[in-house]
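Close look at the chain arrangement
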Amino acid sequence: MSALDAVRARQSWSKVDDTAPSREELLTYVAAAGRVADHSSLRPWRLIELRGSDREALGAAIAKAEGDKSPSSKPLRAPLLIAVVASFRKSEKVPHWEQEAVASGVAHMLSLLLDEAGWGVLWRTGSYTRSKAVAKAHGLEKNEVLLGWLYVGKKPAGKKPGRRKAVDARKLLTRMPKKKSKK
């Protein structure tokens, strides 16, 4: 399958089975995803692997962030969650927004690689990603922000992925506007 075919076939999977890639398999994909464009090669990102009881701890942190008494069950919807962290580096040339874009690029590349390998992936975000309780649960430093989680599991047999509308590239790819001539 070509890269173009893999990208065209990618879908979000909100429901997955209880099987996930092994740590060794995941390391291979992370190493490849880390090849995204990265101005000054700062590697301003890191990923946190959440399996088993880690997901329950995250559910408790989300509940605390949202003021709920019961732990959130959202983290239990996939056997593997991968927290995507922008880990800002000091740089005169590379602003924080660009470093966050690199971390997002790694997450997207990783989701494409996992999808192409047959795993169901959904990138989940929420207002609680920037909460103190959730940051503390992930052990984030002051120079880090959580961008969300990739929920990963086996694509269930006979199930379909989430719906995806076609992209009208003609509306989204424009040209630089011409200068208006003065009359």
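Residues numbered from 1 in each chain as written. Predicted model: local features only at pLDDT ≥ 70, side-chain atom pairs only at ≥ 80, totals over all residues. Heavy atoms only, no water.

1. Here's the deal with the UniProt feature "binding site: FMN" (unreviewed entry) in the protein chain
Quick reminder of the rule: UniProt positions are given in the numbering used here, feature names are shortened, and annotations may be inferred rather than shown by experiment. Secondary structure is summarised from DSSP: a helix means a run of H or I of at least four residues, a strand means a run of E of at least two, and numbering begins at the N terminus for each. Only protein chains enter the accessibility calculation, which uses a 1.4 Å probe; a residue is then buried when its area is under 20% of its type maximum, exposed when over 50%, and partly exposed in between. In protein, a polar contact means a hydrogen-donor-capable atom and an acceptor-capable atom, both N or O and within 3.5 Å, with residues adjacent in sequence counting only if both atoms are side-chain atoms; elsewhere, any N or O pair within 3.5 Å suffices.
Taking the UniProt record as the reference, the feature "binding site: FMN" (unreviewed entry) is found at Arg10, Gln11, Ser12, Arg35, His39, Trp123, Arg124 and Thr125. These annotated residues cover 116 residues of sequence, and their C-alpha atoms reach 28.7 Å apart at the extremes, leaving them scattered rather than at a single site. Looking at where Ser12 falls in the secondary structure, it is placed in the loop between α1 (3–9) and α2 (23–33). Of the residues examined, Ser12 reaches a relative accessible area of 23% and is grouped as partly exposed. Of the polar contacts made by the side chain of Ser12, one reaches the side chain of Arg10; its length is 3.4 Å. Mapping Arg35 onto the fold places it in the loop between α2 and β1 (45–51).

2. A look at the nonpolar core
The condition that has to hold: Working definition of a nonpolar core: buried Ala, Val, Leu, Ile, Met, Phe, Trp, Tyr and Cys residues. They are joined through side-chain atoms within 4.5 Å.
Of all hydrophobic cores here, the largest spans 23 residues; its most connected members are Ile82, Leu110, Leu114, Leu150 and Val152. Within the residue set of this core, elements represented by two or more residues are α2, β2 (80–87), α4 (96–116), β3 (119–124) and β4 (144–154). Here this core takes 6 residues from α4, the largest share from any one element. Counting 19 residues, the second-largest nonpolar core is a separate cluster that includes Trp13, Ile48, Ile62 and Leu81.

3. Considering the environment of Arg55
To be explicit about the condition: Should any heavy atoms of two residues lie within 4.5 Å, those residues are considered in contact.
Looking at where Arg55 falls in the secondary structure, it is placed in helix α3 (residues 53–66). Judged by its relative accessible area of 15%, Arg55 falls in the buried class. In sequence terms Arg55 and Pro79 are 24 residues apart; their C-alpha atoms lie 8.4 Å from each other. Excluding residues that lie within four positions of it along the chain, Arg55 makes contacts with Leu50, Pro75, Leu76, Ala78, Pro79 and Leu81.

4. Side note on the UniProt feature "domain: Nitroreductase" (unreviewed entry) in the protein chain
The feature "domain: Nitroreductase" (unreviewed entry), as given by UniProt, occupies residues 7–154 in the numbering adopted here. End C-alpha to end C-alpha, residues 7–154 measures 18 Å, and it is 38% helix and 22% strand.

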